[in-house]
Amino acid sequence: MIVIKWFLVVSLVIGFCWLLYAVFPTYLYRWFHPNVYINVKRAQSFALTFDDGPHREYTVQILNLLKEHEMKATFFVVGSIAEEQPDLLKRMVMEGHEIGIHHYNHVSAWFLTPGRLKKEIQMCKDVIIEAAGVEPIFYRPPWGHLNLFSIWCARPYHTIIWSNIFGDWSLKKTKRALEAEMKSKLKRGAVYVLHDNGETKGADEKAPEHTIGALREFIPYAKQHKMNSKTLSELQKEGTSTWN
Ligand SMILES: [Zn+2]
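Owing to the predicted nature of the structure, the values given are computational and were not obtained by experimental measurement.

What counts, and where the lines are drawn
Residues numbered from 1 in each chain as written. Predicted model: local features only at pLDDT ≥ 70, side-chain atom pairs only at ≥ 80, totals over all residues. Heavy atoms only, no water. Helix = DSSP H or I, 4+ residues; strand = E, 2+ residues; numbered from the N terminus. Rg over C-alpha atoms; globule rule 2.2 N^0.38 Å. Buried < 20%, exposed > 50% of the residue type's maximum accessible area, 1.4 Å probe, protein only. Contact = heavy atoms within 4.5 Å. Areas by Shrake-Rupley, 256 points an atom, 1.4 Å probe, with all protein chains shown as cover. Lys, Arg positive; Asp, Glu negative; His and termini not counted. Charge placed at Lys NZ, Arg CZ, Asp CG, Glu CD. Phe/Tyr/Trp six-rings, centres within 6.5 Å; stacked < 30°, edge-to-face > 60°. Lys NZ or Arg CZ within 6 Å of the ring centre and 35° of its normal. Axes fitted to C-alpha atoms, helices over the stretch in contact; angles between N-to-C directions. Parallel < 35°, antiparallel > 145°, perpendicular 65-115°, else oblique. Left-handed = near helix turned anticlockwise from the far one by under 90°. Nonpolar A, V, L, I, M, F, W, Y, C, P; charged D, E, K, R; others polar.

Visitor: Help me understand the overall build of the protein, please; the structure alone is not making it clear to me.
Guide: From N to C terminus, the protein includes nine helices and eight strands. Taking 244 residues into account, the globule formula puts the C-alpha radius of gyration at 18 Å, and the protein, at 19 Å, falls close to it. When the backbone C-alpha atoms are referred to their principal axes, the protein occupies close to 70 × 40 × 40 Å. Out of the 244 residues in the protein, the part that is buried amounts to 51%. Sequence separation of 24 or more characterises 78% of the internal contacts of the protein that already satisfy a separation of 6 or more. Accessible surface computed for the protein: about 12,100 Å², of which carbon and sulfur atoms make up 59%. On the protein, the mean spot of the 30 positive side-chain charges and the mean spot of the 25 negative ones are 8 Å from each other.

Visitor: Whenever I open this one, the packing of aromatic side chains confuses me. Can you help?
Guide: The geometry of two aromatic rings is summed up by the distance between their centres and the angle between their planes. Counted by the stated rule, this structure contains five aromatic pairs. Relative to Phe218, the ring of Phe46 has its centre 5.9 Å away and its plane inclined at 85°; by these criteria the two rings are edge-to-face. With Phe46 in the loop between β1 (36–37) and β2 (47–51) and Phe218 in helix α8 (residues 207–224), this pair connects stretches of sequence that are 172 residues apart. Like Phe46, the residue Phe218 is buried in the burial classification. Pairing Phe166 with Tyr192 gives two aromatic rings, centres 4.8 Å apart and planes at 70°, and the pair type is edge-to-face. Note that Phe166 is positioned in the loop between β7 (164–165) and α7 (175–184) and Tyr192 in strand β8 (residues 191–195), a separation of 26 residues in sequence. No difference in accessibility class separates Phe166 from Tyr192, as the two residues are buried. One aromatic cluster in this structure is built from Phe46, Phe166, Tyr192 and Phe218. The ring of Trp152 is capped by Lys118, whose NZ or CZ atom sits 4.8 Å from the centre of that ring.

Visitor: Whenever I open this one, the packing of helix α2 (residues 58–69) against helix α4 (residues 86–94) confuses me. Can you help?
Guide: Between α2 and α4, whose axes approach to 11 Å, the crossing angle comes to 15°. Taken together, the axes of α2 and α4 lie roughly parallel to each other. The handedness of the crossing between α2 and α4 comes out as left-handed. Across the interface between the two elements, Thr59, Val60, Leu63, Asn64 and Lys67 of α2 pack against Leu88, Arg91 and Met92 of α4. Among the residues making up the contact of α2 with α4, the classes are represented as four nonpolar, two polar and two charged.

Following this line, the structure appears as C-alpha coordinates:
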(Lines give C-alpha, C1' and ligand atoms only; values in the text may rest on other atoms or scores of the structure.)
Protein backbone atom coordinates (compact mmCIF):
# COMPACT_ATOMS: atom_id res chain seq x y z
CA MET A 1 0.00 0.00 0.00
CA ILE A 2 2.79 2.44 0.96
CA VAL A 3 4.61 1.58 -2.27
CA ILE A 4 1.51 2.45 -4.35
CA LYS A 5 1.11 5.71 -2.42
CA TRP A 6 4.72 6.73 -3.09
CA PHE A 7 4.39 5.72 -6.72
CA LEU A 8 1.36 8.00 -7.05
CA VAL A 9 3.09 10.90 -5.29
CA VAL A 10 6.23 10.58 -7.45
CA SER A 11 4.09 10.33 -10.64
CA LEU A 12 2.17 13.45 -9.66
CA VAL A 13 5.36 15.41 -8.96
CA ILE A 14 6.91 14.32 -12.28
CA GLY A 15 3.68 15.16 -14.14
CA PHE A 16 3.51 18.60 -12.54
CA CYS A 17 7.18 19.34 -13.33
CA TRP A 18 6.58 18.30 -16.97
CA LEU A 19 3.58 20.64 -17.17
CA LEU A 20 5.76 23.48 -15.88
CA TYR A 21 8.62 22.60 -18.26
CA ALA A 22 6.60 21.94 -21.41
CA VAL A 23 2.88 22.61 -21.62
CA PHE A 24 2.60 25.89 -19.64
CA PRO A 25 5.46 27.64 -21.53
CA THR A 26 3.92 26.67 -24.88
CA TYR A 27 0.62 28.31 -24.05
CA LEU A 28 2.23 31.30 -22.31
CA TYR A 29 4.43 31.96 -25.36
CA ARG A 30 1.47 31.54 -27.69
CA TRP A 31 -0.80 33.84 -25.70
CA PHE A 32 1.67 36.58 -24.84
CA HIS A 33 4.26 35.76 -27.53
CA PRO A 34 7.40 37.30 -26.04
CA ASN A 35 10.00 36.56 -28.75
CA VAL A 36 7.63 34.18 -30.52
CA TYR A 37 6.27 35.65 -33.72
CA ILE A 38 2.84 35.04 -35.18
CA ASN A 39 2.27 37.62 -37.92
CA VAL A 40 3.72 40.89 -39.23
CA LYS A 41 2.14 44.25 -38.52
CA ARG A 42 1.69 46.74 -41.35
CA ALA A 43 2.93 44.36 -44.08
CA GLN A 44 1.42 44.55 -47.56
CA SER A 45 1.66 40.85 -48.37
CA PHE A 46 1.21 37.57 -46.51
CA ALA A 47 3.39 34.47 -46.13
CA LEU A 48 2.79 30.89 -47.19
CA THR A 49 4.91 28.54 -45.11
CA PHE A 50 5.28 24.76 -45.48
CA ASP A 51 6.33 22.38 -42.72
CA ASP A 52 7.68 18.82 -42.56
CA GLY A 53 9.25 18.49 -46.02
CA PRO A 54 10.85 18.31 -48.38
CA HIS A 55 8.87 15.59 -50.15
CA ARG A 56 10.07 14.20 -53.49
CA GLU A 57 6.65 14.68 -55.17
CA TYR A 58 4.58 17.16 -53.18
CA THR A 59 7.31 19.74 -52.63
CA VAL A 60 8.09 19.67 -56.35
CA GLN A 61 4.43 20.27 -57.21
CA ILE A 62 4.27 23.18 -54.76
CA LEU A 63 7.48 24.70 -56.14
CA ASN A 64 6.08 24.42 -59.68
CA LEU A 65 2.85 26.10 -58.62
CA LEU A 66 4.66 28.93 -56.82
CA LYS A 67 6.91 29.47 -59.84
CA GLU A 68 3.95 29.59 -62.21
CA HIS A 69 2.32 32.36 -60.15
CA GLU A 70 5.53 34.12 -59.03
CA MET A 71 4.77 33.63 -55.34
CA LYS A 72 7.42 33.06 -52.67
CA ALA A 73 7.23 30.85 -49.60
CA THR A 74 9.21 29.65 -46.61
CA PHE A 75 9.89 25.93 -46.17
CA PHE A 76 10.50 24.69 -42.62
CA VAL A 77 12.38 21.52 -43.40
CA VAL A 78 13.10 18.48 -41.23
CA GLY A 79 16.89 18.01 -41.31
CA SER A 80 16.91 14.19 -41.56
CA ILE A 81 14.59 14.33 -44.59
CA ALA A 82 16.26 17.36 -46.15
CA GLU A 83 19.70 15.73 -46.21
CA GLU A 84 18.23 13.08 -48.56
CA GLN A 85 16.94 15.78 -50.96
CA PRO A 86 19.66 18.46 -51.20
CA ASP A 87 18.64 19.32 -54.78
CA LEU A 88 15.20 20.38 -53.62
CA LEU A 89 16.73 22.74 -51.06
CA LYS A 90 18.99 24.20 -53.74
CA ARG A 91 15.97 24.70 -56.00
CA MET A 92 14.06 26.49 -53.21
CA VAL A 93 16.88 29.01 -52.81
CA MET A 94 17.44 29.42 -56.56
CA GLU A 95 13.77 30.26 -57.03
CA GLY A 96 13.78 32.87 -54.27
CA HIS A 97 12.21 30.93 -51.42
CA GLU A 98 13.42 30.80 -47.84
CA ILE A 99 14.36 27.76 -45.76
CA GLY A 100 13.75 27.56 -42.03
CA ILE A 101 14.60 25.11 -39.25
CA HIS A 102 12.04 22.48 -38.12
CA HIS A 103 14.41 20.23 -36.05
CA TYR A 104 16.66 17.47 -37.40
CA ASN A 105 14.06 14.84 -36.39
CA HIS A 106 10.36 15.69 -36.23
CA VAL A 107 10.28 15.57 -32.42
CA SER A 108 8.41 17.69 -29.90
CA ALA A 109 10.35 20.09 -27.66
CA TRP A 110 8.10 18.86 -24.85
CA PHE A 111 10.18 15.69 -24.64
CA LEU A 112 13.63 17.18 -25.21
CA THR A 113 16.16 18.41 -22.68
CA PRO A 114 17.56 21.89 -23.45
CA GLY A 115 20.81 20.28 -24.64
CA ARG A 116 19.04 17.88 -27.00
CA LEU A 117 16.78 20.65 -28.32
CA LYS A 118 19.81 22.81 -29.12
CA LYS A 119 21.33 19.85 -30.97
CA GLU A 120 18.13 19.28 -33.02
CA ILE A 121 18.19 22.93 -34.12
CA GLN A 122 21.93 22.99 -34.87
CA MET A 123 21.87 19.72 -36.82
CA CYS A 124 18.98 20.95 -38.97
CA LYS A 125 20.81 24.25 -39.56
CA ASP A 126 23.94 22.31 -40.65
CA VAL A 127 21.91 20.33 -43.21
CA ILE A 128 20.43 23.54 -44.67
CA ILE A 129 23.85 25.20 -44.97
CA GLU A 130 25.44 22.07 -46.47
CA ALA A 131 22.64 21.55 -49.03
CA ALA A 132 21.66 25.08 -49.98
CA GLY A 133 24.56 27.25 -48.81
CA VAL A 134 22.30 29.64 -46.90
CA GLU A 135 22.10 30.40 -43.19
CA PRO A 136 18.52 30.05 -41.92
CA ILE A 137 16.92 32.94 -40.02
CA PHE A 138 13.69 31.40 -38.76
CA TYR A 139 12.89 28.46 -36.51
CA ARG A 140 9.51 26.79 -36.18
CA PRO A 141 9.18 24.07 -33.54
CA PRO A 142 7.28 20.91 -34.63
CA TRP A 143 3.61 21.14 -33.59
CA GLY A 144 4.43 24.63 -32.28
CA HIS A 145 5.58 22.97 -29.04
CA LEU A 146 7.92 25.03 -26.90
CA ASN A 147 9.54 24.24 -23.58
CA LEU A 148 10.84 26.52 -20.85
CA PHE A 149 14.22 26.92 -22.59
CA SER A 150 13.13 26.91 -26.25
CA ILE A 151 13.70 30.60 -26.93
CA TRP A 152 17.15 30.44 -25.37
CA CYS A 153 18.02 27.24 -27.26
CA ALA A 154 16.79 28.69 -30.57
CA ARG A 155 18.95 31.82 -30.40
CA PRO A 156 19.94 33.55 -32.70
CA TYR A 157 17.00 32.43 -34.84
CA HIS A 158 13.58 34.05 -34.84
CA THR A 159 11.00 31.63 -33.47
CA ILE A 160 7.83 31.88 -35.50
CA ILE A 161 4.58 30.01 -35.06
CA TRP A 162 1.74 31.10 -37.37
CA SER A 163 -1.35 33.28 -37.53
CA ASN A 164 -3.44 30.66 -39.38
CA ILE A 165 -3.38 26.89 -39.20
CA PHE A 166 -5.83 24.79 -41.21
CA GLY A 167 -5.44 21.14 -40.16
CA ASP A 168 -4.25 20.22 -43.65
CA TRP A 169 -2.22 17.27 -42.29
CA SER A 170 -5.45 15.26 -42.14
CA LEU A 171 -7.42 13.86 -45.07
CA LYS A 172 -10.55 14.74 -43.08
CA LYS A 173 -9.94 18.29 -44.24
CA THR A 174 -11.34 18.31 -47.73
CA LYS A 175 -9.77 20.27 -50.52
CA ARG A 176 -12.89 22.41 -50.80
CA ALA A 177 -13.03 23.19 -47.04
CA LEU A 178 -9.34 24.03 -47.00
CA GLU A 179 -9.64 26.31 -50.01
CA ALA A 180 -12.65 28.14 -48.53
CA GLU A 181 -10.90 28.65 -45.19
CA MET A 182 -7.69 29.88 -46.79
CA LYS A 183 -9.63 32.39 -48.87
CA SER A 184 -11.71 33.67 -45.97
CA LYS A 185 -8.67 34.20 -43.68
CA LEU A 186 -6.56 36.05 -46.25
CA LYS A 187 -5.16 39.16 -44.61
CA ARG A 188 -2.06 41.35 -44.95
CA GLY A 189 0.73 40.23 -42.63
CA ALA A 190 -0.79 36.77 -42.11
CA VAL A 191 1.45 33.73 -41.78
CA TYR A 192 -0.21 30.56 -43.09
CA VAL A 193 1.14 27.17 -42.07
CA LEU A 194 0.59 24.28 -44.49
CA HIS A 195 2.31 20.90 -44.90
CA ASP A 196 4.20 19.54 -47.92
CA ASN A 197 4.81 16.11 -46.38
CA GLY A 198 2.24 13.72 -44.89
CA GLU A 199 4.75 11.14 -43.68
CA THR A 200 5.25 12.61 -40.21
CA LYS A 201 3.63 11.17 -37.08
CA GLY A 202 -0.08 11.96 -36.82
CA ALA A 203 -0.41 13.06 -40.47
CA ASP A 204 -2.09 11.34 -43.39
CA GLU A 205 0.34 10.35 -46.11
CA LYS A 206 -1.79 11.69 -48.95
CA ALA A 207 -3.03 14.82 -47.15
CA PRO A 208 -0.71 17.13 -49.18
CA GLU A 209 -2.83 16.24 -52.24
CA HIS A 210 -5.67 18.24 -50.65
CA THR A 211 -3.26 21.04 -49.76
CA ILE A 212 -1.96 21.27 -53.33
CA GLY A 213 -5.48 21.03 -54.77
CA ALA A 214 -6.61 23.91 -52.54
CA LEU A 215 -3.53 25.97 -53.42
CA ARG A 216 -4.30 25.63 -57.13
CA GLU A 217 -7.50 27.60 -56.50
CA PHE A 218 -6.30 29.80 -53.66
CA ILE A 219 -3.15 31.24 -55.26
CA PRO A 220 -4.92 32.75 -58.32
CA TYR A 221 -7.60 34.08 -55.93
CA ALA A 222 -4.93 35.78 -53.78
CA LYS A 223 -3.33 37.30 -56.90
CA GLN A 224 -6.69 38.56 -58.08
CA HIS A 225 -7.02 40.36 -54.72
CA LYS A 226 -3.52 41.84 -55.14
CA MET A 227 -2.14 39.76 -52.30
CA ASN A 228 1.26 38.21 -52.88
CA SER A 229 2.89 35.57 -50.78
CA LYS A 230 6.41 36.55 -49.72
CA THR A 231 9.15 34.85 -47.73
CA LEU A 232 9.17 35.61 -44.01
CA SER A 233 12.28 37.79 -44.37
CA GLU A 234 10.60 39.80 -47.14
CA LEU A 235 7.42 40.12 -45.10
CA GLN A 236 9.45 41.35 -42.14
CA LYS A 237 11.08 44.03 -44.30
CA GLU A 238 7.73 45.13 -45.70
CA GLY A 239 6.24 45.65 -42.28
CA THR A 240 7.67 47.83 -39.59
CA SER A 241 9.65 44.84 -38.34
CA THR A 242 7.05 44.82 -35.62
CA TRP A 243 6.00 41.26 -35.23
CA ASN A 244 3.00 40.27 -33.26
ZN1 LIG B 1 5.95 19.70 -38.32
